[in-house]
Amino acid sequence: MASCCPASGIRAAPLPCHRFQRSRQIGIDRGISELFSKVWNRQPNEYEDGLWLFGREEDGDYFDDEDALRWQNGRFEQSWFTDKLLNNAASRKLIDEIVGNRKPYVDLACGPGMGLIPSIRKISSELPCLAVDANSMLMKEWRKWLNRNGMQTGIEFAQFSLFDVPVKDHAVNAYGGFLSLSSTRSGSKGYDAALAEIYRTLAPQGRLYVIESEWVDVPAILKVFERSCLQPWNCFLEPQLTWHDRFLQSGFRILSEELYMNRSLNSEDNELGREAEKAGIRIGMQWNAYILEKPLSAR
Ligand SMILES: C[S@@+](CC[C@H](N)C(=O)[O-])C[C@H]1O[C@@H](n2cnc3c(N)ncnc32)[C@H](O)[C@@H]1O
């Protein structure tokens, strides 16, 4: 089975302009691989049919054949066809802006939900999208499902870690994702490393569109660990910083911050949720939708 992410619970070419803005000139279907191939700052270890592989698999989640079966037998279909993000005002705003901006979109730590891409595809069949995850098996399985269902057009895949993004400086105009940063596995250090890589590779005035989660009451969580005699996860033992403050600290301008949803962790989420229910302690979680910009001055 997949290891659980802490918070839940994507050939260099010597062309003069390598930025994603050129998508409209290149043509949506014909040039998509060519388009994305121009952003890399190094050769992939491998490239096969719309999937670039750069390594550092160990930074991502671990999945096995059982996960792949579950994905092929319903989970991907559910992810692809859900209207969840389109029906929520905060996430809808992100998706409308990504589509409205018409810049090729890179989804980070896309996971089995493929982030914001299924929702983007419902309102735009043309926007070039690159789905990124550290786990290559996940993306091979996604490609298999999309091909089988005749829906592969305009989506490429790249396997790399958010801690080591193989992209040239200032080369991407639109990154985003659903619980992308929250899903990384090295706590505060990891969030800052991922944000530094995103910032470095974003074009000035490029945007980061993310929905991220945070814990509402860490002392209550520590009480659950204490009562259940479990060792607190490392992320709870370090100084807590809100996403808002972390984005500012990493150099981004916050253009918009809206509540996506809040709820309590429950027994279906993970072991911590089970222990919280047993102890009768509520563990609140809040998801916010952010539109962030790298300032024009950041060249
Ligand atoms: C729970 S999913 C995130 C939600 C996902 N965006 C979705 O829409 O379903 C976690 C994903 O994050 C990926 N991940 C975790 N750490 C990563 C990292 N450092 N770089 C890239 N992907 C990472 C995992 O491999 C996994 O597929």
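First things first, this report covers the structure right here in the doc. All values derive from a computational prediction rather than experimental measurement.

Conventions and cut-offs
- Residues numbered from 1 in each chain as written.
- Predicted model: local features only at pLDDT ≥ 70, side-chain atom pairs only at ≥ 80, totals over all residues.
- Helix = DSSP H or I, 4+ residues; strand = E, 2+ residues; numbered from the N terminus.
- Buried ≥ 20, exposed ≤ 12 C-beta atoms within 10 Å, placed from the backbone.
- Pairing = 2+ DSSP bridges.
- Axes fitted to C-alpha atoms, helices over the stretch in contact; angles between N-to-C directions.
- Contact = placed C-beta atoms within 7 Å.
- Parallel < 35°, antiparallel > 145°, perpendicular 65-115°, else oblique.
- Nonpolar A, V, L, I, M, F, W, Y, C, P; charged D, E, K, R; others polar.
- Near = placed C-beta within 6 Å.
- Expected span 1.5 Å × (residues − 1).
- Arc of directions from axis to C-beta.
- Core = buried A, V, L, I, M, F, W, Y, C linked by C-beta atoms within 7 Å.

1. Description of the overall build of the protein
Part 1: A count of helices and strands for the protein gives 10 helices and 9 strands.
Part 2: Looking at the protein residue by residue over its 299 residues, the buried ones come to 40%.

2. Some remarks on the sheet that holds strand β3 (residues 105–107)
Part 1: Taken in spatial order, the 9 strands make up an open sheet running β1-β2-β5-β4-β3-β6-β7-β9-β8, and their pairing is mixed. The open sheet has two edge strands, β1 (46–48) and β8 (253–264), and neither has a second partner. Going across the sheet, the axis of each strand differs from the next one's by a mean of 15°, ignoring polarity.
Part 2: Pairing between strand β6 (residues 172–178) and strand β7 (residues 202–215): 6 bridges, direction parallel. By the bridge assignment, Tyr175 is partnered in β7 with Leu208.
Part 3: Set on the sheet, helix α7 (residues 187–201) makes contact with β6 and β7; between it and β7 the angle comes to about 155°.

3. Quick look at the packing of helix α8 (residues 218–228) against helix α10 (residues 271–279)
Part 1: Two elements in contact, α8 and α10, have axes separated by 9 Å at closest approach and are oriented at 80°. In terms of orientation, α8 and α10 fall into the roughly perpendicular class. Facing Val224, Arg227 and Ser228 of α8, the residues of α10 in contact are Leu272, Glu275, Ala276 and Ala279.
Part 2: Grouping the amino acids of the contact of α8 with α10 by side-chain chemistry returns 4 nonpolar, 1 polar and 2 charged.

4. Examining the site of the ligand
Part 1: Taken together, 26 residues sit near the ligand, with Gly60, Ala109, Gly111, Gly113 and Ala134 positioned nearest.
Part 2: The class makeup of the residues in the shell around the ligand is 11 nonpolar, 11 polar and 4 charged.

5. A short note on helix α4 (residues 89–101)
Part 1: If you check α4, its first and last C-alpha atoms are 18 Å apart, about what 13 residues at 1.5 Å a residue would give, namely 18 Å.
Part 2: Among the residues of α4, those classed as buried are Ser91, Leu94, Ile95 and Ile98. Buried residues along α4 cover an arc of 90° about the axis, so they all sit on one side. For α4, the exposed residues set more than 90 degrees away from the buried face come down to Ala89 and Gly100.
Part 3: For α4, the secondary structure elements touched by its buried residues are β3, α5 (117–123), β6, β7, β8 and β9 (284–293).
Part 4: Positive phi appears at Arg102, one or two residues downstream of α4, with a value of about 60°.

6. So, the environment of Pro118
Part 1: Looking at where Pro118 falls in the secondary structure, it is placed in helix α5.
Part 2: Between the C-alpha atom of Pro118 and that of Leu85, which follows or precedes it by 33 residues, the distance is 9.3 Å.
Part 3: Not counting residues up to four positions away in its chain, the partners in contact with Pro118 are Ser79, Trp80 and Thr82.

7. Remarks on unusual backbone geometry
Part 1: Although it is not a glycine, Ala109 sits at a positive phi angle of roughly 45°.
Part 2: Taking the number of C-beta atoms within 10 Å as the measure of exposure, Ala109 has 25 and is therefore buried.
Part 3: Non-glycine residue Met114 carries a positive phi angle of around 55°.
Part 4: Residue placement: Met114 occurs in the loop between β3 and α5.

8. A word on the pairing of strand β5 (residues 155–159)
Part 1: In terms of residue burial, β5 counts as a mostly covered element, since 5 of its 5 residues are buried.
Part 2: Burial along β5 is two-sided: the residues Ile155, Phe157 and Gln159 and Glu156 and Ala158 are all buried.
Part 3: For strand β2 (residues 51–53) and β5, the ladder comprises 3 bridges, and the chain directions are parallel. By the bridge assignment, Trp52 is partnered in β5 with Ala158.
Part 4: In terms of strand pairing, strand β4 (residues 129–133) meets β5 through 5 bridges, oriented parallel.

9. Section: the environment of Pro232
Part 1: With respect to the secondary-structure elements, Pro232 resides in the loop between α8 and α9 (243–249).
Part 2: Sequence spacing of Pro232 and Ile221 is 11 residues, and the spatial spacing of their C-alpha atoms is 8.6 Å.
Part 3: Once residues within four sequence positions are removed from consideration, Pro232 is found in contact with Leu222, Phe225 and Leu237.

10. Re the environment of Ser264
Part 1: In this structure, Ser264 sits in strand β8.
Part 2: Each C-alpha atom of the pair Ser264 and Val216 lies 9.5 Å from the other, and the pair is 48 residues apart in sequence.
Part 3: Those residues in contact with Ser264 that sit more than four places away from it in its chain are Arg282, Ile283 and Gly284.

11. Describing the nonpolar core
Part 1: Among the nonpolar cores identified, the biggest contains 66 residues, and Ala131 and Val172 are the most heavily contacted of them.
Part 2: By residue number, the principal contributor to this core is β7, which donates 6 residues.
Part 3: Formed by 7 residues, the second largest nonpolar core is a distinct cluster that contains Leu265, Ala276, Ile283 and Met285.

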